[in-house]
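Geometric and topological summary
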Number of protein chains: 2
Amino acid sequence: MNDVIRLGLAGFGTVGSGVAKVIAENGELIRRRTGKRLHIKTVLVRNLTKARAFDPGQETSFTSDPSRLWADPEIDIVVELMGGTTTAYDIIEASLNAGKHVVTANKALLAERGRPLFQLAGEKGLGLYYEASVAGGIPIVQTLKESLAANRIEKIVGILNGTANYVLSEMTTSNLEFETALEQAKLLGYAEADPTLDIEGIDAAHKLIMLIRLAYGAHYPFEQLPVTGISGVTSEDIRLVYEFGYRLKLIGQAREVDGKIEAGVFPALVKYTYLLARVGGNYNAVRVEANAAGPLMFSGQGAGGLPTGSAVLADILSLVKCCGKPDNTGFTEIALPDADILDPDLAVAEHYFRFTVADRPGVMAAIAGVMGELNISIAQAVQKGAPSGRGVPIVFLTHAARTCDVHEAVRRIDAQDFIEAPTVHYRIL
Amino acid sequence: MNDVIRLGLAGFGTVGSGVAKVIAENGELIRRRTGKRLHIKTVLVRNLTKARAFDPGQETSFTSDPSRLWADPEIDIVVELMGGTTTAYDIIEASLNAGKHVVTANKALLAERGRPLFQLAGEKGLGLYYEASVAGGIPIVQTLKESLAANRIEKIVGILNGTANYVLSEMTTSNLEFETALEQAKLLGYAEADPTLDIEGIDAAHKLIMLIRLAYGAHYPFEQLPVTGISGVTSEDIRLVYEFGYRLKLIGQAREVDGKIEAGVFPALVKYTYLLARVGGNYNAVRVEANAAGPLMFSGQGAGGLPTGSAVLADILSLVKCCGKPDNTGFTEIALPDADILDPDLAVAEHYFRFTVADRPGVMAAIAGVMGELNISIAQAVQKGAPSGRGVPIVFLTHAARTCDVHEAVRRIDAQDFIEAPTVHYRIL
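Residues numbered from 1 in each chain as written. Chains lettered and ligands numbered in written order. Predicted model: local features only at pLDDT ≥ 70, side-chain atom pairs only at ≥ 80, totals over all residues. Heavy atoms only, no water.

Per an unreviewed UniProt entry, the recorded name for chain A is Homoserine dehydrogenase. Quoted verbatim from the Catalytic activity (unreviewed entry) field of UniProt, the annotation for chain A is "L-homoserine + NADP(+) = L-aspartate 4-semialdehyde + NADPH + H(+)". Here chain A is described in UniProt, under the heading Sequence similarities (unreviewed entry), as follows: "Belongs to the homoserine dehydrogenase family." (UniProt positions renumbered as here; feature names shortened; annotations may be inferred.)

1. Here's the deal with the overall build of chain A
Scanning chain A from terminus to terminus reveals 13 helices and 16 strands. Out of the 429 residues in chain A, the part that is buried amounts to 59%. The long-range share in chain A, meaning contacts at least 24 apart out of those at least 6 apart in sequence, stands at 72%. Approximately 16100 Å² of chain A is accessible, and the part contributed by carbon and sulfur atoms is 48%. Across chain A, the mean location of the 41 positive side-chain charges is 5 Å away from that of the 49 negative side-chain charges. (Helix = DSSP H or I, 4+ residues; strand = E, 2+ residues; numbered from the N terminus. Buried < 20%, exposed > 50% of the residue type's maximum accessible area, 1.4 Å probe, protein only. Contact = heavy atoms within 4.5 Å. Areas by Shrake-Rupley, 256 points an atom, 1.4 Å probe, with all protein chains shown as cover. Lys, Arg positive; Asp, Glu negative; His and termini not counted. Charge placed at Lys NZ, Arg CZ, Asp CG, Glu CD.)

2. Structural notes on the packing of helix α6 (residues 162-173) of chain B against helix α7 (residues 178-187) of chain B
Residues and elements named next belong to chain B. α7 packs onto α6 with a crossing angle of 125° between their chain directions and a minimal axis gap of 9 Å. As far as their axial angle goes, α7 and α6 are oblique. Along this stretch, α6 crosses α7, giving a crossing that reads as right-handed. Here Tyr-166, Val-167, Glu-170 and Met-171 of α6 lie close against α7, whose contacting residues are Phe-178, Ala-181, Leu-182, Gln-184 and Ala-185. Looking at the contact of α6 with α7, its residues break down into seven nonpolar, one polar and one charged. (Axes fitted to C-alpha atoms, helices over the stretch in contact; angles between N-to-C directions. Parallel < 35°, antiparallel > 145°, perpendicular 65-115°, else oblique. Left-handed = near helix turned anticlockwise from the far one by under 90°. Nonpolar A, V, L, I, M, F, W, Y, C, P; charged D, E, K, R; others polar.)

3. Description of the domain arrangement of chain A
Residue and element names in this part refer to chain A. What the domain assignment reports for chain A is domain 1 (4-136 + 307-321), domain 2 (140-300) and domain 3 (344-428). With centres defined by C-alpha atoms, the gap from domain 2 to domain 3 works out at 24 Å. Interface area for domain 2 against domain 3, summed over the two sides, is near 1500 Å², with a carbon-plus-sulfur share of 62%. Summed over the shared surface of domain 2 and domain 3, the number is three salt bridges. One salt bridge connects Asp-237 with Arg-354, and the closest N-O pair in it is separated by 2.6 Å. Remark: the boundary between domain 2 and domain 3 carries five residue pairs in polar contact (both at pLDDT 80 or more). For the side of domain 2 that touches domain 3, the secondary-structure elements that each account for two or more residues are α10 (235-243), β8 (246-257) and β9 (260-271). (Domains from an automatic or database assignment. Buried area = accessible area lost by both parts, 1.4 Å probe. Salt bridge = Lys/Arg side-chain N within 4 Å of Asp/Glu carboxyl O. Polar contact = N/O pair within 3.5 Å; in protein donor to acceptor, adjacent residues only side chain to side chain.)

4. Some remarks on the interface of chain B and chain A
Counting residues at the interface gives 59 residues for chain B, matched by 60 residues for chain A. For the pair chain B and chain A, the two sides together bury roughly 4800 Å², of which 50% comes from carbon and sulfur. The largest per-residue losses of area from chain B upon contact with chain A belong to B:Arg32, B:Arg33 and B:Ala150, which jointly make up 17% of the total buried on that side. Summed over the shared surface of chain B and chain A, the number is six salt bridges. Along the contact surface separating chain B from chain A lie 34 residue pairs in polar contact (both at pLDDT 80 or more). Sorting the residues of the side of chain B that touches chain A by element identifies α1 (14-34), α5 (140-147), α9 (202-216), β11 (294-301) and α11 (305-321) of chain B as the ones contributing at least two each. If one sorts the elements of the side of chain B that touches chain A by residue count, α1(B) sits on top with nine residues.

5. Looking at the side chain of A:Glu146
Within the secondary structure, A:Glu146 is located in helix α5 (residues 140-147). Of note is the side chain of A:Glu146, whose polar atom sits 3.1 Å from the side chain of B:Ser318. In this structure, A:Glu146 is in contact with B:Gln142, B:Ala314, B:Ser318 and B:Lys321, ignoring residues within four places of it in sequence.

6. A short note on helix α7 (residues 178-187) of chain A
Residues and elements named next belong to chain A. Looking at α7, one finds that the buried residues are Phe-178, Ala-181, Leu-182 and Ala-185. The arc that holds every buried residue of α7, seen down its axis, measures 100°, which confines them to one face. Away from its buried face, by an angle of more than 90 degrees, α7 presents the exposed residues Glu-179 and Leu-187. Considering only its buried residues, α7 is in contact with α6 (162-173) and α8 (196-199). Just downstream of α7, Gly-189 is the residue with a positive phi angle, here 80°. (Arc of directions from axis to C-beta.)

7. Focus: the relation of the copies chain B and chain A
Rotating chain B by 180° and translating it 0.0 Å along the rotation axis places it on chain A, where the RMSD comes to 0.0 Å. Taken together, the rotation angle and the small translation identify this as a two-fold axis. Closest approach to the rotation axis among the C-alpha atoms of chain B is made by B:Phe298, whose C-alpha sits 2.3 Å away. A share of 100% of the interface residues of chain B reappears at the interface of chain A, consistent with the copies meeting face to face through the same patch. (Least-squares fit on C-alpha atoms with pLDDT ≥ 70 in both.)

8. Observations regarding the UniProt feature "binding site: NADPH" (unreviewed entry) in chain A
Residues and elements named next belong to chain A. The UniProt record marks Lys-107 with the feature "binding site: NADPH" (unreviewed entry), using the residue numbering of this structure. Tracing the sequence through the fold places Lys-107 in helix α4 (residues 107-124). Setting aside anything within four residues of it in sequence, one finds Lys-107 in contact with Ser-133, Asp-203, His-206, Lys-207 and Met-210.

9. Considering the UniProt feature "active site" (unreviewed entry) in chain A
Residue and element names in this part refer to chain A. Sites flagged by UniProt as "active site" (unreviewed entry) map to Lys-207. Checked against the element boundaries, Lys-207 lands in helix α9 (residues 202-216). With near-sequence residues (within four places) excluded, Lys-207 lies in contact with Lys-107, Ser-133, Val-134, Ala-135, Leu-160, Asn-161 and Asn-284. There is a polar contact of 2.7 Å between the side chain of Lys-207 and the side chain of Asp-203.

10. Some thoughts on the pattern of salt bridges
Close approach of charged atoms lets side chains of opposite charge pair. Applying the stated criterion across every chain, the model contains 44 salt bridges over all chains. Measuring nitrogen to oxygen at the nearest pair gives 3.3 Å for the salt bridge that ties B:Glu146 to A:Lys321. With one member in each of two chains, B:Glu146 in helix α5 and A:Lys321 in helix α11 (residues 305-321) form a pair that bridges those chains. With a closest N to O distance of 2.7 Å, B:Asp203 and B:Lys207 form a salt bridge. Within this pair, B:Asp203 and its partner B:Lys207 are both found in helix α9, separated by four residues, close to a single helical turn. Residue classification places B:Asp203 among the buried residues on the basis of a relative accessible area of 11%. On the accessibility criterion, B:Lys207 (4% relative accessible area) is buried. What emerges from the salt-bridge pattern is a single network uniting A:Arg6, A:Lys41, A:Asp72 and A:Glu74.

11. Observations regarding the pairing of strand β2 (residues 37-44) of chain A
Residues and elements named next belong to chain A. For β2, the tally of buried residues reaches six of eight residues, placing the bulk of the element in the interior. Pairing geometry for strand β1 (residues 4-10) and β2, over seven bridges, is parallel. Pairing of Leu-7 across the sheet is with Ile-40, part of β2. For the crossover from β1 across helix α1 (residues 14-34) to β2, the handedness is right-handed. (Pairing = 2+ DSSP bridges. Right-handed = clockwise from strand over helix to strand, strands pointing away.)

12. Considering the packing of aromatic side chains
Here the structure, examined in full by the defined rule, presents 13 aromatic pairs over all chains. Geometrically, the ring pair formed by A:Phe298 and B:Phe298 is edge-to-face, given 5.7 Å between the ring centres and 80° between the ring planes. Note that A:Phe298 is positioned in strand β11 (residues 294-301) and B:Phe298 in strand β11, a pairing that runs across two chains. Ring centres 5.4 Å apart and planes at 80° place the aromatic pair B:Phe118 and B:Tyr130 in the edge-to-face group. One end of the pair, B:Phe118, is in helix α4 (residues 107-124); the other, B:Tyr130, is in the loop between β6 (128-129) and α5, with twelve residues separating them in the sequence. (Phe/Tyr/Trp six-rings, centres within 6.5 Å; stacked < 30°, edge-to-face > 60°.)

13. Topic: the packing of α5(A) against α5(B)
Where α5(A) contacts α5(B), the two axes come as close as 11 Å, and the packing angle between them is 120°. By the angle between their directions, the pair α5(A) and α5(B) is classed as oblique. In this structure, the crossing between α5(A) and α5(B) has a hand that is right-handed. Touching A:Gln142, A:Glu146 and A:Ser147 of α5(A) are B:Gln142, B:Glu146 and B:Ser147, all from α5(B). Classifying every residue of the contact of α5(A) with α5(B) gives no nonpolar, four polar and two charged.

In structure tokens, the structure reads:
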């Protein structure tokens, strides 16, 4: 590539204007570091007359014609920042077919429809980079692709969604109910008007699919990933969990168990002494357990125009340096194999249970009896005074148990007449 | 390079055998990730008859002749893991002159005598990589060189020495005296028989010099860096600091202040709510404040054969991928400029003071008077009951003050007749 790297941007929202701002502010430094000048030549937008949050300057032209990105021989790299899984797919596919490297921040697209795109990029020897798509400004993609390339990854545990982390953190530190914390997140711009993707764990699941690809070089179909969000979390559980020395976090986890991959997104109890438990606010964090490097933790801003823009620019500069030999997945195979997935029912973990029961004799024994029948061993049991008059909470923390046994225990126990509200249960990390 | 990458190792201690172990254990995975087989062809050792902690196998030959590393045309990369700043220098210089890429874990060498080696490597277009030399398994070198290449680095704060962190953490959590905690560190293998380099901050200072080079592209002479170790830290200060909501950590910090670099290694009070304060045991951590990516934190094992070996292998695999265009410093200049250093006397920070005074009227007023004369503004002041009968402790936490004023205040106050022991003072992060 030349001394000037010409970029074509698809989309000019928060991230697109973030990229332009970082180039404007740090362009001289980027030049000193890399010898290259970055120039946003063309920006694709839907509405040409809309006012822009940031003016990239006279050298940048706006267009509503996508083909001006990939048909322009001067453009070195197409940067897809528009989101969505249809038009964005077509633009990336067309750009790769036209011989352009692609950088994207689009986790939904790469998680749900990434496989053919990675294959196309691999066949063409082109870059398809996506540092910005996982955990924003945290360089976890580069770390897994390069820095940990000599490691078997035993486990990845992430706080992968800043909105959910903000809501749970506020529920914990400010004693808020879920709805209040969510409203506060919306007011601060940490949650969208429709927060479903963030709150229900979908966004974290997209990122986890990418992390699995990077850690294990395997394709884990998005629709097979077990995902539980945080919309059911109550302030009562947040308080109880806290009393036991834990914090409740929305976790995305993948690990190797007997050669198979066990993965999922779920709210989980994290011991307060773990650094992960301390990652509050709208921050993201990823803990990696690698068989040589040992346990590593990374935390930072998972969203926002500048952090995400920084990650987009890291990809652009990596592509500039790669001498035409990009490494998209961290593995040499052009088509990655299917992941060998552990049946989620057989996943083993410690659990937290909260039963809401009638205050009468024999209840604790009945619950413990069902647990025993299903080989779920109890580590701690506490019966609390009733907080609401609606029933007495009994909390069990268990030793490691299979997910199918946990579900069966809840099914059997919730069928008892002393149960006054559906049982709540979470994994413990 | 070919499909087999042939390595020449100088040194086969903890790190050297760690590298060999990781290759033995993860070789197939490395092959799947990179398409390359790593082969340790030659190992340079001082004593050929000494028993080895790990047998790298029949394909590896041992030698006591350094020239067999650089004179062997089959060797692609020379890996210097012997330590020291003389023979190691000669080996790296000869290897670069012979056209070999070099990977090293030698922070002392690169901090104290790195400048001509980087210049030589730059002139020859060869790699001189050193991920393992800063914070062991934490990929901070790669992160600063690549992932944050589009960022101005506002500040780097690190817990850069595992031994010192272990000692301070044990003093805090187990209420130990300095000497007891240090003995315990020795028993566990976390401290060497002569722990001076670790305890006096020299090792952290070496790493900070490298971080400054990576963040600012500038040469900060090692001998000019202000360095204070932890050998004077008492359990009394650990306790007092804790009561104020801080943890005492050995910190290496560099930041840009008015276009100049302010840097140093010193024990400092870190607010307990900061993740850095929570990094305990023998772990390392680096916090980077980048103007686009925002604040990032990385933690992990800073030493040990496998974590350091993992970092050495990351460098080797990066060199294999760099297509003969290595990036050693993260800047394009072959000769990096001298750092523009802020006079350490003018560094501004909040401070903790502990005065040991006679229990009589007017003392607090006298101390506060001196502080006032020197424009040191007091944020909190606490007088404690005497713990030992040797004098009453008075603790001041101040607002931001210049280092020269802090020193002058201590000089003036310690000259008073009511002072019963030398005043202790630490920076607050």
